[in-house]
2 protein chains.
Amino acid sequence: MPRIAVDVLLKREILDPQGRAVEEALPGLGYDGVSEVRVGKHLEFVIDAPDDELAARVDAMCEGFLTNPVIESYRWRVIDDAERADA
Amino acid sequence: MPRIAVDVLLKREILDPQGRAVEEALPGLGYDGVSEVRVGKHLEFVIDAPDDELAARVDAMCEGFLTNPVIESYRWRVIDDAERADA
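All figures in this text were calculated on a predicted structure; none of them were measured in a lab.

**Student:** When you look at the overall build of chain A in this model, what are you seeing that I'm missing?
**Tutor:** A tally of helices and strands in chain A yields two helices and three strands. Counted from the first residue to the last, chain A has its helices and strands arranged as β-α-β-α-β. Viewed in the frame of its principal axes, chain A has a C-alpha envelope of about 50 × 30 × 15 Å. Relative to its full complement of 87 residues, chain A shows a buried share of 45%. Within chain A, contacts between residues at least 6 apart in sequence are counted, and of these 67% link residues at least 24 apart.

Structure follows, in structure tokens:
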């Protein structure tokens, strides 16, 4: 069964206060030269779906439940075990 | 300047209540066959670093500030503009 990784960010035209806070904190902590920080959500899950239904089902979940499509954008990809963020 | 995407999840042995809540809500919303849901953070930023310093500087930021290495794992990659979650 495919394992899916979904990345969610606020749309580019929406102010991201958490990203701004991170960006402003970094220089004081010794991390210089970092800009355009955006902070959002990352999800990973396994879905029991045939190949020809996979994209439609993942998009339906993302648009209907996992994100707020009015203010958020998302991108998803199939990952293998070695690509899991907690691998 | 490279654009970096960082994915952060709780370590696999740590209970993820948010992932559990999502997983348990999905069937009631009509999304079946989804398991092993984990929910974490996604960050994107631009960093002004030469190639030979990039990995060390991103890892230092991730381990020293962006994650809690006691309970969280992370994975990062260089992305191009088309791969931005808010593209």
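Let's pick the thread back up.
**Student:** I would appreciate a short explanation of the sheet that holds strand β1 (residues 3-10) of chain B in the present structure.
**Tutor:** Strand pairing in a sheet relies on backbone hydrogen bonds. The paired strands run either parallel or antiparallel. Read from one edge to the other, the open sheet built from six strands follows the order β3(A)-β1(A)-β2(A)-β2(B)-β1(B)-β3(B), with strand pairing classed as antiparallel. The open sheet terminates on both sides in strands that have one partner only, identified here as β3 (72-79) of chain A together with β3 (72-79) of chain B. On average, each strand axis in the sheet is inclined to that of its neighbour by 25°, with strand direction left out of account. Across eight bridges, the pairing between β1(B) and β3(B) is antiparallel. The residue of β3(B) that forms the bridge with B:Val8 is B:Tyr74. Where helix α2 (residues 51-66) of chain B meets the sheet, its contacts fall on β2 (34-47) of chain A together with β1, β2 (34-47) and β3 of chain B, and the angle it forms with β2(B) comes to roughly 120°.

**Student:** What is the right way to read the interface of chain A and chain B from this model?
**Tutor:** By a widely used convention, the size of an interface equals the accessible area lost when the partners come together. Every contact between the two is made by 44 residues of chain A and, on the other side, 44 residues of chain B. When the buried area of chain A at its contact with chain B is split by residue, A:Arg12, A:Phe65 and A:Asp86 rank highest and sum to 16% of it. Connecting chain A to chain B are seven salt bridges. A:Glu36 is the partner of B:Arg84 in a salt bridge, and the nearest nitrogen-oxygen pair spans 4.0 Å. Put simply, chain A and chain B have 26 residue pairs in polar contact (both at pLDDT 80 or more) between them. Among the elements of the structure, β1 (3-10), α1 (17-25), β2, α2 (51-66) and β3 of chain A are those that each provide at least two residues to the side of chain A that touches chain B. Looking at which element gives the most residues to the side of chain A that touches chain B, the answer is β2(A), with 14 residues. Residues belonging to the side of chain A that touches chain B are distributed by class as follows: 23 nonpolar, six polar and 15 charged. Bridge analysis of β2(A) against β2(B) gives 11 bridges, and the strand direction is antiparallel. Looking across to β2(B), one finds that A:Leu43 is bridged to B:Val39.

**Student:** Before we go on, may I ask you to explain the layout of surface pockets in this structure?
**Tutor:** Think of a ball as big as a water molecule: rolled over the atoms, this probe shows where empty space is left. Computed from the structure, the largest pocket encloses a volume of approximately 160 Å³. As for the largest pocket, its lining consists of 13 residues, of which A:Gln18, A:Val39, A:Gly40, A:Lys41 and B:Gly40 are closest to the centre.

**Student:** Help me understand the relation of the copies chain A and chain B, please; the structure alone is not making it clear to me.
**Tutor:** Comparison of the two chain copies shows a relationship of rotation about an axis with a shift along it. Note on the copies: chain A fits chain B at an RMSD of 0.0 Å, the axial shift is 0.0 Å, and the rotation between them is 180°. Each copy turns onto its partner about a two-fold axis. Looking at the interface residues of chain A, 100% of them are also at the interface in chain B, so both copies use one shared face.

**Student:** Honestly, the environment of B:Leu10 in this entry has me stumped. Any pointers?
**Tutor:** One can find B:Leu10 in strand β1. Considering only alpha carbons, one finds B:Leu10 and B:Val70, 60 residues apart in sequence, at a separation of 9.3 Å. Apart from residues no more than four positions distant in its own chain, B:Leu10 is found in contact with A:Asp86, B:Leu15, B:Asp16, B:Arg38, B:Ile71 and B:Glu72.

**Student:** It is not clear to me how the confidence of the model for chain A should be interpreted in this structure. Could you clarify?
**Tutor:** Interpretation of this model should avoid reading the predicted coordinates in detail wherever pLDDT is low. Scored by pLDDT, chain A has a mean of 97; 100% of the residues are at 70 or more. Across the interface, the model reports ipTM at 0.95; the global pTM reads 0.95.

Quick notes on the rules
Residues numbered from 1 in each chain as written. Chains lettered and ligands numbered in written order. Predicted model: local features only at pLDDT ≥ 70, side-chain atom pairs only at ≥ 80, totals over all residues. Heavy atoms only, no water. Helix = DSSP H or I, 4+ residues; strand = E, 2+ residues; numbered from the N terminus. Buried < 20%, exposed > 50% of the residue type's maximum accessible area, 1.4 Å probe, protein only. Contact = heavy atoms within 4.5 Å. Pairing = 2+ DSSP bridges. Axes fitted to C-alpha atoms, helices over the stretch in contact; angles between N-to-C directions. Buried area = accessible area lost by both parts, 1.4 Å probe. Salt bridge = Lys/Arg side-chain N within 4 Å of Asp/Glu carboxyl O. Polar contact = N/O pair within 3.5 Å; in protein donor to acceptor, adjacent residues only side chain to side chain. Nonpolar A, V, L, I, M, F, W, Y, C, P; charged D, E, K, R; others polar. 1 Å grid on protein atoms, 1.4 Å probe; cavity = no way out; pocket = protein on both sides within 12 Å on 5 of 7 lines; lining within 4 Å. Points joined across faces, edges and corners; volume = space filled by probe spheres on them. Least-squares fit on C-alpha atoms with pLDDT ≥ 70 in both. pLDDT = per-residue confidence, 0-100.

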